[in-house]
Amino acid sequence: MLMAGGIYLVEGFGKKPRKTMGDQGEVSPSGLMLYSGAGLRPAAQELSNAFEKKYEITVQADYAGGGQLLGTIAAHQRGDLFMAGAERYADLAIERGLAMADTKETVAYFVPVIFVEKGNPKNIESVKDFTRKGLRLGFGDERCCAIGDKTIEILDKNNIPLSDVKPQVVYKSKTVNELGVAVQMGSVDAVVMWDTNARHFAEHGEIVRIPPEKNVVSAVPLLVLKSSEDPEKAKEFISFALSETGRSIWKKQGYAVSVGSNVKK
């Protein structure tokens, strides 16, 4: 696996050659290129593997925060699909002429939760506790990743001024998984992250649920990029992600597939 300009290039993959420049400037074959939010990686990988098995079309992926991916897409003007953890990034891709608006589909939902140290030693029960002096909080950077935006929206929904919380924010991450690592390392007391990602760090922390009426669920949009050289094949991937097989993969990986299933008891 090679890496060029922040994009992972897999040698010799796919069945239909496309003009893609490698490190040495040579033209190499490729299948579909997916830009995916880092928090979606488990599902994106399994979906890609299942899609390849069914259609014999390889999907390579670049994982990062939604804001970072937008910059990469704009800079390189290549790739086929964009899947972010929040609609804001998909809408920005459309506004900037990078993606096809009529291909946008919601394939799953993210549910924000509070993730705390094992045993919850600071007795954090809700986002209201975020105003407590001396608490060490970790938030996603709203300029880079979707969970950062949603955290601010959750505070607003709960009538908590951001100015009352900012003194306690000691760490901002570029991706959602970095928040779980911060709890694991003991550098923060609590973070707001996606349910499905928090569960990957269950050995090191605990989930505190945010009541549905006080939470802000995030849709996961998937759409075709205008740079795609095979948009019909890219649309097939979207259809696959929405199919019964795709939905079973989302559920298996812990993602909600409807708003009604957005909170796991």
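Relevant structure appears above.
The residue numbers shown here count from 1 along each chain, following its written sequence. Side-chain atom pairs in this predicted model are given and counted only at pLDDT of 80 or more, local residue features only at pLDDT of at least 70, and totals for whole chains, interfaces and linings cover all residues. The basis for the side-chain values is all heavy atoms of the structure; hydrogens and waters are excluded.

A. Examining the sheet that holds strand β10 (residues 137–140) more closely. Only strands that DSSP links by at least two bridges are regarded as paired with each other. Secondary structure elements follow DSSP: runs of H or I of four or more residues count as helices, runs of E of two or more count as strands, with numbering from the N terminus. The strand order β11-β10-β12-β9-β13 describes an open sheet built from 5 strands, whose pairing is mixed. A strand with exactly one partner marks an edge of an open sheet, and here the two such strands are β11 (169–173) and β13 (205–208). Averaged over all pairs of adjacent strands, the angle between their axes in this sheet comes to 35°, without regard to strand direction. The contact definition used throughout considers only heavy atoms, calling two residues in contact when any of these lie within 4.5 Å. Axis definition: a line fit to C-alpha positions, over the contact stretch in the case of helices; interaxial angles, taken between N-to-C directions, run 0 to 180 degrees. The sheet contacts of helix α4 (residues 146–157) involve β9 (112–117), β10 and β12 (190–194), and relative to β12 the element is tilted by about 115°.

B. Structural context of the sheet that holds strand β8 (residues 105–110). The 5 strands lie next to each other as β6-β5-β7-β14-β8, forming an open sheet whose pairing is mixed. Edge positions in the sheet fall to β6 (59–64) and β8, since each of these pairs with one other strand and no more. Looking at each pair of strands side by side, their axes are set apart by 20° on average, direction ignored. As judged from the 3 bridges shared by strand β7 (residues 81–83) and strand β14 (residues 218–224), these two strands associate in the antiparallel manner.

C. Region of the structure containing the pattern of salt bridges. Basic side-chain nitrogens of Lys or Arg form a salt bridge, by our definition, when they fall within 4 Å of a carboxyl oxygen of Asp or Glu. What the rule picks out here adds up to 14 salt bridges. When the shortest N-O distance is used, the salt bridge between K252 and E46 registers 3.1 Å. Taken together, the residues span a long stretch of sequence, with K252 in helix α9 (residues 244–252) and E46 in helix α1 (residues 41–55) at a distance of 206 residues. D230 is the salt-bridge partner of K233, the closest N and O atoms lying 3.4 Å from each other. Taken together, the salt bridges that share partners define one network made up of E87, D91 and K104.

D. View of the environment of T151. Take T151: it is sitting in helix α4. Categorising residues by exposure relies on relative accessible area from a 1.4 Å probe, with only protein chains included: less than 20% of the type maximum marks a residue as buried, more than 50% marks it as exposed, and the intermediate range marks it as partly exposed. Classification of T151 by relative accessible area gives buried; the value is 2%. The spacing of T151 and P112 is 39 residues in sequence and 8.0 Å in space, taken between C-alpha atoms. With residues up to four places along the chain from it excluded, the contact list for T151 reads F139 and V192.

E. Representation of the environment of I57. Tracing the sequence through the fold places I57 in the loop between α1 and β6. Judged by relative accessible area, which is 10%, I57 ranks as buried. Sequence separation between I57 and G31 is 26 residues; the distance between their C-alpha atoms is 5.7 Å. Setting aside chain neighbours within four positions, we find I57 in contact with G31, L32, F51, E52 and K233.

F. The packing of aromatic side chains, seen in detail. Aromatic rings from Phe, Tyr and Trp, with only the six-membered ring used for Trp, were paired whenever their centres fell within 6.5 Å, and each pair was classed as stacked if the ring planes differed by under 30 degrees, edge-to-face if by over 60, and tilted otherwise. What the rule picks out here adds up to 8 aromatic pairs. Between the aromatic rings of F51 and F237, the centroid separation amounts to 5.1 Å while the plane-to-plane angle is 75°, which identifies the pairing as edge-to-face. Taken together, the residues F51 in helix α1 and F237 in helix α8 (residues 231–242) connect sequence positions 186 residues apart. By relative accessible area, F237 is classed as buried at 1%. Ring geometry for F110 and Y255: centres 5.4 Å apart, planes at 55°, overall tilted. In this pair, F110 is assigned in strand β8 and Y255 in the segment after α9, connecting sequence segments 145 residues apart. Of the two residues, F110 and Y255, neither departs from the other in class, the shared state being buried.

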